[in-house]
Amino acid sequence: MGPVVLASGQEVSVFGVAALGIGVGYFAGMFGIGGGFIMTPLLVVIFGVPLPTAVGSGLCQMVGTSLVAFLRHRRLTQGEVRFDALMLPGSLLGAELGARTLTWLSEAGQLTIEGRSIPWISLIVETLYAALLVWVAMSYLRNAGPGRDKLDYLRPGPLSRVALGPRLGFPAVGLAGVSASLVGYIGLGIGFLSGLLGIGGGVALNPVLIYGYGFPIRHAVGTGIAVLFTTAVVGTVAHSLRGHVELGLAVPLLVGGTLSAQLGAVSSRHLPGATLARIQSVLIFTAVAALAWDLLSKFR
Amino acid sequence: MTEWIHALECVLVPCVIGVSMFGVFELWDRRRRRTSDHKGLPVIDYTI
């Protein structure tokens with residue numbers, strides 16, 4: 001099988017991309033996350049795929065992964081559907097805004113300081129990625145301390161007490177009087193991150209649901225999947241119309257990632273939750289270091 | 001028009017692969033449940 005030839009003329013090995021999908025999918029299955037938030041920066045750092053193409057192709061593979069997840073969670077009746085419905089309009093708008101912002105950044109040229117230059121798109125998007133990854137790693141580490149495997153997240157979280165009307169109840173997760181407007185704004189933010197960074201948003205949404213609202217973990221992972229699928233479809237269409245989606249990249253990532261995620265999930269049964277959180281944080285910090293290295297190497 | 005066909009292809013191809021894999025995983029899960037003594041096998045999330 002020959003390499004994938006990108007619109008930029010660059011060649012990328014299909015086997016290399018599939019291997020990346022398998023590696024990320026394995027850890028994603030092990031930690032109960034999707035992994036797109038690591039996959040997209042690694043496509044840039046390891047294979048030198050242009051950022052808009054990595055983001056667009058990442059969203060395209062996510063159409064498949066989120067559809068599998070949606071079908072699986074629907075069978076298990078997990079998640080709070082009302083939360084999905086409230087987030088959906090904002091997240092669709094956010095995905096389009098994110099795609100437009102990325103296109104605008106890719107045409108914004110370079111920042112030059114003392115004769116050294118770096119593309120604005122790399123500076124802003126890779127820095128945002130690094131900040132998001134550090135935040136996620138810190139929230140996992142903070143909650144990996146002794147005794148944190150207990151169900152202390154079941155209490156209503158601080159976001160469930162925000163007094164911004166109208167207010168609704170979420171019976172599936174035992175919450176009452178939750179601000180519907182705030183949920184809409186969260187959808188907008190998640191959609192924007194999806195369109196801009198090529199992530200499903202679960203990486204940002206799950207900590208918000210678990211630690212912000214106090215959702216039980218199994219309901220948190222089942223909530224937002226319908227939104228993620230719809231956002232991924234809208235983001236894929238928006239990016240493909242701008243020539244940012246390569247099916248040759250998305251398909252091996254999708255197939256390799258979903259198959260190995262099964263194996264990762266089975267392996268995770270042998271490790272305690274706190275250990276998994278620590279390993280996950282180390283992996284995330286490794287991705288941050290790779291991003292920092294990539295940014296520094298571009299600044300010349 | 002060509003761009004819209006490409007956009008449709010970019011949505012349909014992962015959807016078809018996703019549904020096919022869901023079918024494969026369901027079969028595999030049924031097999032695991034039949035052969036395993038454990039209840040509550042891990043839920044796998046592919047969302048991000």
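Please read all numbers here as calculations on a predicted model, not as lab measurements. (Residues numbered from 1 in each chain as written. Chains lettered and ligands numbered in written order. Predicted model: local features only at pLDDT ≥ 70, side-chain atom pairs only at ≥ 80, totals over all residues. Heavy atoms only, no water.)

1. Focus on the overall build of chain A
Within chain A, the secondary structure is distributed over 11 helices and 6 strands. Long-range contacts, defined here as pairs at least 24 residues apart, represent 75% of the contacts in chain A between residues at least 6 apart. For chain A, the computed accessible surface area is about 12200 Å², with 68% contributed by carbon and sulfur atoms. (Helix = DSSP H or I, 4+ residues; strand = E, 2+ residues; numbered from the N terminus. Contact = heavy atoms within 4.5 Å. Areas by Shrake-Rupley, 256 points an atom, 1.4 Å probe, with all protein chains shown as cover.)

2. Looking at the packing of helix H2 (residues 36–47) of chain A against helix H5 (residues 120–142) of chain A
All names here are of chain A. Packing of H2 against H5 brings their axes to within 11 Å, and their N-to-C directions diverge by 145°. The handedness of the crossing between H2 and H5 is left-handed. Facing H2, whose interface residues are Gly36, Phe37, Thr40, Pro41 and Val44, H5 presents Glu126, Tyr129 and Leu133. Counted by class, the contact of H2 with H5 contains 5 nonpolar, 2 polar and 1 charged residues. (Axes fitted to C-alpha atoms, helices over the stretch in contact; angles between N-to-C directions. Left-handed = near helix turned anticlockwise from the far one by under 90°. Nonpolar A, V, L, I, M, F, W, Y, C, P; charged D, E, K, R; others polar.)

3. Overview of the environment of His6 of chain B
By the secondary structure assignment, His6 of chain B is in helix H1 (residues 2–35). Expressed as a C-alpha distance, the spacing of His6 of chain B and Phe22 of chain B, which sit 16 residues apart in the sequence, is 24 Å.

4. Observations concerning the packing of aromatic side chains
Aromatic ring pairs are reported here in terms of the distance separating the ring centres and the angle at which the planes meet. Residues and elements named next belong to chain A. Scanning the entire structure with this criterion turns up 2 aromatic pairs over all chains. Both rings, one in Phe83 and one in Phe170, keep their centres 5.4 Å apart while their planes meet at 50°; by these two values the pair is tilted. Linking Phe83 in helix H4 (residues 81–106) with Phe170 in strand S5 (residues 167–170), this pair joins segments that are 87 residues apart in sequence. In this structure Phe83 comes out as buried when scored by relative accessible area, which is 0%. Ring geometry for Phe83 and Tyr213: centres 5.4 Å apart, planes at 85°, overall edge-to-face. Of this pair, Phe83 sits in helix H4 while Tyr213 sits in helix H7 (residues 202–213); the two residues are 130 residues apart in sequence, bridging distant segments of the chain. The two residues Phe83 and Tyr213 agree in class, both being buried. Aromatic rings pair up to connect Phe83, Phe170 and Tyr213 into one cluster. (Phe/Tyr/Trp six-rings, centres within 6.5 Å; stacked < 30°, edge-to-face > 60°. Buried < 20%, exposed > 50% of the residue type's maximum accessible area, 1.4 Å probe, protein only.)

5. Examining the nonpolar core
Membership of the largest hydrophobic core comes to 69 residues, with the highest contact counts inside it found for Phe83, Val125, Ile186, Leu197, Ile199, Tyr213 and Phe215 of chain A. Of the residues forming this core, the biggest block, 9 residues, is contributed by H5 of chain A. (Core = buried A, V, L, I, M, F, W, Y, C linked by side-chain atoms within 4.5 Å.)

6. As for helix H9 (residues 225–241) of chain A
All names here are of chain A. If you check H9, its first and last C-alpha atoms are 24 Å apart, about what 17 residues at 1.5 Å a residue would give, namely 24 Å. Along H9, the positions that sit buried rather than exposed are Ile225, Val227, Leu228, Thr231, Ala232, Val233, Gly235, Thr236, Ala238, His239 and Ser240. Trailing H9 by a residue or two, Gly243 shows a phi angle of about 75°, which is positive. (Expected span 1.5 Å × (residues − 1).)

7. Overview of a nonpolar patch on the surface
Residues and elements named next belong to chain A. A surface patch of nonpolar side chains, about 290 Å² in accessible area, is lined by Val134, Met138, Leu141 and Phe285. By the element assignment, Leu141 lies in helix H5. Residue Leu141 is classed as partly exposed on the basis of its relative accessible area of 35%. (Patch = residues over 30% accessible without salt bridge, like charges linked within 9 Å, V, L, I, M, F, W, Y side chains within 5 Å. Salt bridge = Lys/Arg side-chain N within 4 Å of Asp/Glu carboxyl O.)

8. Quick word on the pairing of strand S3 (residues 110–113) of chain A
As defined by bridge partners, S3 of chain A adjoins strand S4 (residues 116–119) of chain A across 4 bridges and the pair is classed as antiparallel. Each residue of the ladder has a partner; that of Thr112 of chain A, found in S4 of chain A, is Ser117 of chain A. (Pairing = 2+ DSSP bridges.)

9. Topic: the pairing of strand S6 (residues 175–179) of chain A
It is a general feature of regular strands that their side chains alternate between the two faces of the sheet. Residues and elements named next belong to chain A. Where S5 and S6 come together, 3 bridges link them in antiparallel fashion. From the neighbouring strand, Arg167 faces S6, where its bridge partner is Ser179. What sits between S5 and S6 in their antiparallel hairpin is a turn of 4 residues, with Gly174 showing a positive phi close to 70°.

10. Considerations on the pattern of salt bridges
When charged atoms on two side chains of opposite charge get close, those side chains can pair. All names here are of chain A. Under the counting rule described, the total for this entry stands at 2 salt bridges over all chains. For Arg100, the salt bridge is made with Glu96, and the minimal N-O distance between the two is 2.9 Å. Of this pair, Arg100 and Glu96 both sit in helix H4, 4 residues apart, roughly one helical turn. Residue Glu96 is classed as partly exposed on the basis of its relative accessible area, which comes to 24%. Between Arg242 and Glu96 there is a salt bridge, and its shortest N-O distance comes to 3.3 Å. One end of the pair, Arg242, is in the loop between H9 and helix H10 (247–267); the other, Glu96, is in helix H4, with 146 residues separating them in the sequence. Each member of the salt-bridge network shares a partner with another, and the members are Glu96, Arg100 and Arg242.

11. Considering the environment of Val233 of chain A
Along the chain, Val233 of chain A falls in helix H9. Along the chain, Val233 of chain A and Ala95 of chain A lie 138 residues apart, while their C-alpha atoms are 9.6 Å from each other. When neighbours within four sequence positions are excluded, Val233 of chain A is seen to be in contact with Val63 of chain A together with Val11 of chain B.

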